[in-house]
Amino acid sequence: MTFDLVISGGTVATAADVVRADVGIVGGRVVAIAERLRGGTRTVDAGGRLVLPGGIDAHCHLDQPQAPGLASKGAAMADGFRSGSISAAFGGTTTIVPFCVQHRGGSVTAAVADYHRRAEGEAVIDYAFHLIVSDPTPAVLGQELPALIRRGHASLKVYMTYEALHLSDRQILDVLATAREERAIVLVHAENHEVLTWLAERLEASGRTAPKEHAASRPLPVEREATHRAVTLAEVVGVPLVVVHISGGEPLEEVRRARARGLTVIAETCPQYLMLTAADLDLPDMEGAKAMCSPPPRDTAAQAALWRGIEDGTVDIVNSDHAPYRFDAGGKLRGGPGTSFRGIANGLPGLETRLPILFSEGVVKGRIDLQRFVALTATNNAKFYGLHPRKGTIAVGADADVAIWDPEKRVTIRNADLHHAVDYTPFEGLEIQGWPETVLSRGEVVVEAGALKAQPGRGRFLEQRTSSAYRPQGGASSWT
Ligand code: URP
Ligand code: ZN
Ligand code: ZN
Ligand code: ZN
């Protein structure tokens, strides 16, 4: 057999196994995994290297159109599909799932068409979309979403906060019921909007407006209560639920309690909650705005609780929540140097640093093994979001999306070396070990020796199929 490409001599890791093997690729797909393969038109020497499935980043925001009252506070996103996908690829990620947002009063179908146009001709790696539902009208629930889900948009996102996005409990129930009907998976941003608004208004009224007050306005109980409520709504409707960006032990405890009741609840966390604390918001010259995301980073006890969750299997997925707002005048600080925390865009960049940070802090430091690293960063996302087995693993028949890692390479994270269009990284100066050197998407070299080898526009839209986590849950017997 003649292969288009053979990756030879590396250590291949999947969520299940770690083996010394060659990988043979034909037509963009893996066709053979064996001890020794000969006959590649091209060979990539992976001796001394790890051959991992390319990462899937299933929580990133790119070129999201703005509306008043969004997390952006009017700041434009610096990364679209081009710079976002390039940055992702340099960090070992080969699939991205950003968010297509419905604005209130608008149609989801039109938002999807617009978002396809934003992606077209831009991405260097493959992508799918989650759909943010901010206005679940009868037409959206009854016609638009069912049609879109059948066209491969099988994951829906709801917000419990942000002025322009948050839904009432009743509206969330409606979205969950549609998801149940159509076998879609629902993601939730869980923070209690009324409580955090009340706190923020009080803080502001007493002159406490610095970036660190962002954390004071969104303490852990705000997230814990909303997590409990979101899980309860999913329990009543009888559907699985993904709780995104969990920031500490208490919301994670709600996930454990839900699972003990037999519910399917998927838990996501992000590197910022493992690496930053609220002290990173308390810096001179508004520098704290760089670490301002929602929920906010907490404390070292929360970090330890999240690592325990990663180790014991409570955390299923680690995604970046890349939210590309620049720090300079056009971005987070567009309201001027003394802007109140309430006027600063929420979110921070992390597409390129997600995998290297988790590899270094997780695998190199011995907290998790390679299989678990692959599960957390690729395979589980593929399964939950209907992309498996085409994406998220190295297996015969899967797309040849592969990152070849140098596990010894020492890197000091510097924004100047990253490929996003954001003017900072919250991880500046962090010293880590391990970096993906060569990145393949469908068998084509996208990144090699520090250089981009792929043309924007080669990335393809991926239709999602029903999540492997999808199972109607018991609770629904009371209302169906
Ligand atoms: O602060 C954050 N996380 N910003 C991005 C939007 C979101 O909440 O996911
Ligand atoms: Zn579409
Ligand atoms: Zn969020
Ligand atoms: Zn987000």
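Naming follows an unreviewed UniProt entry, where the protein appears as Dihydropyrimidinase of Lichenibacterium minor. Taken verbatim from the UniProt record of the protein, the Sequence similarities (unreviewed entry) comment is "Belongs to the metallo-dependent hydrolases superfamily. Hydantoinase/dihydropyrimidinase family." Quoted verbatim from the Cofactor (unreviewed entry) field of UniProt, the annotation for the protein is "Zn(2+)".

(A) Quick peek at the overall build of the protein. Looking only at helices and strands, the protein features 12 helices and 18 strands. The C-alpha atoms of the protein give 21 Å as radius of gyration, which agrees with the globular expectation for 480 residues (23 Å, within 12%). On the principal axes, the C-alpha backbone points of the protein span a range of 70 × 55 × 40 Å. In the protein, buried positions account for 57% of the 480 residues.

(B) Expanded view of the UniProt feature "domain: Amidohydrolase-related" (unreviewed entry) in the protein. Per the UniProt entry, the sites bearing "domain: Amidohydrolase-related" (unreviewed entry) are residues 50-446 in this numbering. End C-alpha atoms of residues 50-446 are separated by 17 Å, and the span's content is 36% helix alongside 17% strand.

(C) Broad picture of the pairing of strand β6 (residues 55-60). Most of β6 is tucked away, with 6 of its 6 residues classed as buried. Direction of pairing for β6 relative to strand β7 (residues 93-101): parallel, over a ladder of 4 bridges. Across the sheet, residue G55 finds its bridge partner in β7, namely T93. Running through helix α1 (residues 81-90), the crossover from β6 to the neighbouring parallel element β7 is right-handed.

(D) Seen up close, the site of ligand 1. Neighbouring ligand 1 are the residues H61, A71, H189, H245, C293, S294, D321, A323, N346 and G347. The class makeup of the residues in the shell around ligand 1 is 3 nonpolar, 6 polar and 1 charged.

(E) Just the pairing of strand β2 (residues 18-26), in detail. The pairing of strand β1 (residues 3-13) with β2 spans 7 bridges and is classified as antiparallel. Paired with V6 across the bridge in β2 is G24. Linking β1 back to β2 in an antiparallel pair, the connection comprises 4 residues. Relative to strand β3 (residues 29-34), β2 runs antiparallel, the two being bridged by 5 bridges. The residue bridging V26 from the neighbouring strand is R29, located in β3. Between the end of β2 and the start of β3, which pair antiparallel, lie 2 residues, with G27 showing a positive phi angle near 60 degrees.

(F) Molecular detail of unusual backbone geometry. The amide bond that connects S294 to the next residue, P295, takes the cis arrangement and shows omega of -10 degrees. Tracing the chain through its elements places P295 in the loop between α9 (271-275) and α10 (300-312). Residue M286 is not a glycine yet carries a positive backbone phi of 65 degrees. By the secondary structure assignment, M286 is in the loop between α9 and α10. Although it is not a glycine, A449 adopts a positive phi angle of roughly 50 degrees.

(G) Broad picture of helix α12 (residues 370-384). In this model α12 runs 20 Å from its N-terminal to its C-terminal C-alpha over 15 residues, within 8% of the 21 Å that 1.5 Å per residue would give. Where α12 bends most, at L376, the angle is about 50 degrees. In terms of burial, α12 is a largely internal element, 13 of the 15 residues being buried. Downstream of α12 by a residue or two, G386 has a phi angle that is positive, lying close to 70 degrees.

(H) Representation of the UniProt feature "modified residue: N6-carboxylysine" (unreviewed entry) in the protein. With numbering matched to this structure, UniProt assigns "modified residue: N6-carboxylysine" (unreviewed entry) to K157. Looking at the element boundaries, K157 is found in strand β10 (residues 155-159).

The rules behind each value
Residues numbered from 1 in each chain as written. Chains lettered and ligands numbered in written order. Predicted model: local features only at pLDDT ≥ 70, side-chain atom pairs only at ≥ 80, totals over all residues. UniProt positions renumbered as here; feature names shortened; annotations may be inferred. Helix = DSSP H or I, 4+ residues; strand = E, 2+ residues; numbered from the N terminus. Rg over C-alpha atoms; globule rule 2.2 N^0.38 Å. Buried ≥ 20, exposed ≤ 12 C-beta atoms within 10 Å, placed from the backbone. Pairing = 2+ DSSP bridges. Right-handed = clockwise from strand over helix to strand, strands pointing away. Near = placed C-beta within 6 Å. Nonpolar A, V, L, I, M, F, W, Y, C, P; charged D, E, K, R; others polar. Expected span 1.5 Å × (residues − 1). Bend = angle between axes of the 7 residues up to and from the residue.

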